[in-house]
Number of protein chains: 2
Amino acid sequence: MQNKVTPWEVKGNIDYDKLIKQFGLKPLSKLPKIFQEQVLFRRGLIFAHRDFGLIVDTIKNKKSFVMMTGLMPSGKMHFGHKMVADQVIFYQKLGAKVYMNVADIEAYNSRNTNLKELHEVAISEYLTNYVALGLDLNKCDFYFQSKRSTDSKKANAYYSLASMLSRHVTYNELKAIYGNTDPAKISSSLLQAADMLHPQLPEFEGKPLPTIIPVGADQDPHLRLARDLAKRYKLHKFIPISSTNHKFSFGLKGGKMSSSDPSSYIALTDTPKEAAKKINKYAFSGGQPTIEEHRKKGGNPDVDVSYQMLYYGLEPDDEKLKKIHDDYKSGKLLTGELKKYLIEKITTFLTEHHKKREKAKTIINQFLKKQGF
Amino acid sequence: MQNKVTPWEVKGNIDYDKLIKQFGLKPLSKLPKIFQEQVLFRRGLIFAHRDFGLIVDTIKNKKSFVMMTGLMPSGKMHFGHKMVADQVIFYQKLGAKVYMNVADIEAYNSRNTNLKELHEVAISEYLTNYVALGLDLNKCDFYFQSKRSTDSKKANAYYSLASMLSRHVTYNELKAIYGNTDPAKISSSLLQAADMLHPQLPEFEGKPLPTIIPVGADQDPHLRLARDLAKRYKLHKFIPISSTNHKFSFGLKGGKMSSSDPSSYIALTDTPKEAAKKINKYAFSGGQPTIEEHRKKGGNPDVDVSYQMLYYGLEPDDEKLKKIHDDYKSGKLLTGELKKYLIEKITTFLTEHHKKREKAKTIINQFLKKQGF
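Residues numbered from 1 in each chain as written. Chains lettered and ligands numbered in written order. Predicted model: local features only at pLDDT ≥ 70, side-chain atom pairs only at ≥ 80, totals over all residues. Heavy atoms only, no water.

1. What to know about helix H1 (residues 16–23) of chain B
Residues and elements named next belong to chain B. How we decide: Accessibility here uses a 1.4 Å probe with only protein chains present; expressed as a share of the type maximum, an area under 20% marks a residue as buried, one over 50% as exposed, and anything in between as partly exposed. Runs of E in the DSSP output that reach at least two residues are strands. Runs of H or I that reach at least four are helices, and both are numbered from the N terminus. What the arc measures is the spread of directions leading from the helix axis to the C-beta atoms. What qualifies as a polar contact is a pair of N or O atoms within 3.5 Å, subject to a donor-acceptor requirement within protein and to the restriction that residues adjacent in sequence count only when both atoms come from side chains.
By the burial criterion, the buried members of H1 are Tyr16, Leu19, Ile20 and Phe23. Buried residues of H1 fall within an arc of 105° about the axis and therefore sit on the same side. Along H1, exposed side chains directed more than 90 degrees from the buried face belong to Asp17 and Lys21. Between the side-chain oxygen of the N-cap and the backbone nitrogen of Asp17 there are 3.1 Å, and the N-cap of H1 in question is Asp15. Positive phi appears at Gly24, one or two residues downstream of H1, with a value of about 70°.

Set out below in structure tokens:
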């Protein structure tokens, strides 16, 4: 099976080195120590970038920067989404002002008419999880595309940017990036580019600040478009957007976690019991068919979803992780034992997380009132 | 020469009856007396409409309605533009809330980068003329597309509408209407549709009000698009936009008045001396080559630009106009005499208008301060 990666499709086994070449990314090489504290950096799960040096320097020099992310709530927030949340919070702790947008106009344009429901899910599911995971709303500009700001200067500037960026892209460029060139797609793409660029307008942080946008391996074309538009725009000088690309999260059954298939993921609102059940029932195993065979040949942690979930962050201790890896590979650790360990880890995490969610709800209610939403 | 009328091209002699059929308009038939007070209605210069009955009823029942117009300042405001201004002010006096937008984003998207200059021209040239002609700024929502409102709720609602309308039109429809389907054109078209429709959103007049948009004979496709989009939009129920179509203004040398050719028009800021010079030098004559011939065969008022300028409003007295028409046709009135009469009329008008412009400037300064622009 050939590997195929576009923003709409991820098929086959992913060769990340090939992806780096295909998209013209830079591989992520040695980073200052502070980045090693984040498990996704430390374990090479964030594997490529564009202009990340700008952000590294900014952090080194303790200068201000912006971290931008967007979400289009479709169903539940799962451990795949958590990879982005972890990065958002990591940058915020390093001093970034976080911009977080809910792409509700994009959702409407791709046929979702129930904006009210979407707004509710964005808050009760996504934002609540973000706050429970550690997001500080006081250093965050959270907005819906359809309600950019209660500050009219900001609102006017943001939307006008989206409209005026249209001058700087051709039909053929959009066709090459998106395939689909419906007016709805074009309009959504330009709004998304404005999402990425507008924090640099004078109405927002006063002056252009370096902006980091962490994206999945497949989302690079959006970044490239925004970067190209920024260069061509006449009314404002933008700093090139910096981005990093992280690897795909493992779906329980292999492949990518997909919001449309609840048995492919564990949601951050799943109960520990539900999570345990999903792991036992669905989590693809890299072990051998029988215990005897497993003891003899060993398992394959590279394709074992339970091991990968630990690797992606549920086991933050590198030494422990290495031992699990080696024991599984040698056959000392059985699949059932590995799953049990993961279930323990995930139970602890979810129990703690759900407590934090309750606290988060109060914080969010106060925040929304203050925002005037 | 075949006649050809699109929003970008007007060629040949215009057969307005044919245009009505081509665009699917309704001819304008007998209107209540109040409309007869407006020279453009009385003389059939406003010749067609869509759903104008809604507005007639609204005025009859003294209900609230909206009058929407847009302008893209390119050079000077001339007597062609005045046809729209006269209608705007007529409706305002009948109780309409006027919405007036400066299409600066559209201008940027069609390659004009100097928005600051454009904003200055919009105020010093267009808005000043409008106020001098009688526009009451207290009953007017004047805005630039790039700065919709100092009320953030209004700004968010207006721009979001433009983005979300994109879902309801296909590439092929836009191609059929505009030919050009660059992203810039698509974006501008959707913003223009939002200009026409947004006064009906709850954030503006509280509830949807009937909206009248007077346009030139060639601008109907824009109206049709906005009307179609309104029907398809899911989040709000719009009243169909009403529109009227007026005939083309006569350029001095025949054809249409064109902002790009100063010898084709008389600007509202031309001095009486400049105007007289242009009329004497350029105004196309329907008269005969020699006085003898003219006395014998008579002139043709239908193609005589001086007569047409009187007909389009500079001679508001129908009886006097009829006498001029008949005398010119019979050969009693010579071209030189007709031009002299027009120059007298235009001198009176411009002298008075320039005085009013001075007063208007003070009013506008206060208005802009209050608006927070």
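2. Comments concerning the packing of helix H9 (residues 171–178) of chain A against helix H12 (residues 220–232) of chain A
Residue and element names in this part refer to chain A. Selection criterion: In this description, a line fitted to the C-alpha atoms serves as the axis of each element, helices being fitted only across the stretch in contact, and the angle between N-to-C directions of two axes falls anywhere from 0 to 180 degrees. Put simply, angles under 35 degrees are roughly parallel, angles over 145 are roughly antiparallel, angles from 65 to 115 are roughly perpendicular, and the rest are oblique. Working rule for handedness: look at the near helix, and if it is turned counterclockwise from the far one by less than a right angle, call the crossing left-handed; if clockwise, right-handed. In this analysis, two residues are considered to be in contact whenever any of their non-hydrogen atoms come within 4.5 Å of each other. Under this grouping Gly is polar, as are all residues other than the nonpolar Ala, Val, Leu, Ile, Met, Phe, Trp, Tyr, Cys and Pro and the charged Asp, Glu, Lys and Arg.
Direction vectors running N to C along H9 and H12 enclose 160°, while the axes themselves pass 10 Å from each other. Relative to H12, H9 is oriented roughly antiparallel. Both H9 and H12 take part in a crossing whose hand is right-handed. Touching Glu173, Leu174, Ile177 and Tyr178 of H9 are Pro221, His222, Leu225 and Arg232, all from H12. Taken together, the residues of the contact of H9 with H12 break down into five nonpolar, one polar and two charged.

3. So, the interface of chain B and chain A
This is how the line gets drawn: For any pair of parts, buried area is found by adding up, for both, the accessible area (1.4 Å probe) each one loses once the two are put together. Every case where a carboxyl oxygen of Asp or Glu lies within 4 Å of a side-chain nitrogen of Lys or Arg is listed as a salt bridge.
The interface of chain B with chain A comprises 37 residues on the first partner and 37 residues on the second. When chain B packs against chain A, close to 2900 Å² is buried across both sides, 60% of that on carbon and sulfur atoms. Together, Tyr108(B), Arg167(B) and Pro183(B) form the three largest contributors to the area buried by chain B at its contact with chain A, with a combined 25%. One can count zero salt bridges joining chain B with chain A. Here chain B is connected to chain A by 26 residue pairs in polar contact (both at pLDDT 80 or more). Contributions of two or more residues to the side of chain B that touches chain A are made by helix H6 (104–109), helix H8 (152–165), helix H9 (171–178) and helix H10 (183–197) of chain B. Considering each element in turn, the side of chain B that touches chain A owes the most residues, seven residues, to H8(B). Residue classes in the side of chain B that touches chain A are distributed as 15 nonpolar, 16 polar and six charged.

4. Some points on the nonpolar core
Our working rule: Only buried Ala, Val, Leu, Ile, Met, Phe, Trp, Tyr and Cys residues count toward a nonpolar core, and they belong to the same one when joined by side-chain atoms within 4.5 Å.
Counting residues in each nonpolar core, the largest one holds 76 residues, and the members touching the most others are Leu161(A), Leu165(A), Leu161(B) and Leu165(B). What Leu165(B) contacts, discounting residues up to four positions off in sequence, is Leu190(B), Ala193(B), Ala194(B), Leu197(B), Leu229(B) and Tyr233(B). Of all hydrophobic cores here, the second largest spans 74 residues; its members include Leu40(B), Met100(B), Ile123(B) and Ala360(B).

5. Digging into the relation of the copies chain B and chain A
Note: a rotation about an axis with an accompanying shift along it relates these two copies of the chain. Note the following rule: We place the copies in one frame by least squares, fitting the C-alpha atoms of every residue whose pLDDT is at least 70 in both.
At an RMSD of 0.1 Å, chain B and chain A line up after a rotation of 180° and a shift of 0.0 Å along the axis. Here the transformation between the copies is reduced to the relation of a two-fold axis. For chain B, the residue whose C-alpha comes nearest the rotation axis is Ser152(B), separated from it by 2.0 Å. Counting the interface residues of chain B, we find that 100% of their copies in chain A are interface residues as well, pointing to one common contact surface.

This is a description of form; function is not addressed.
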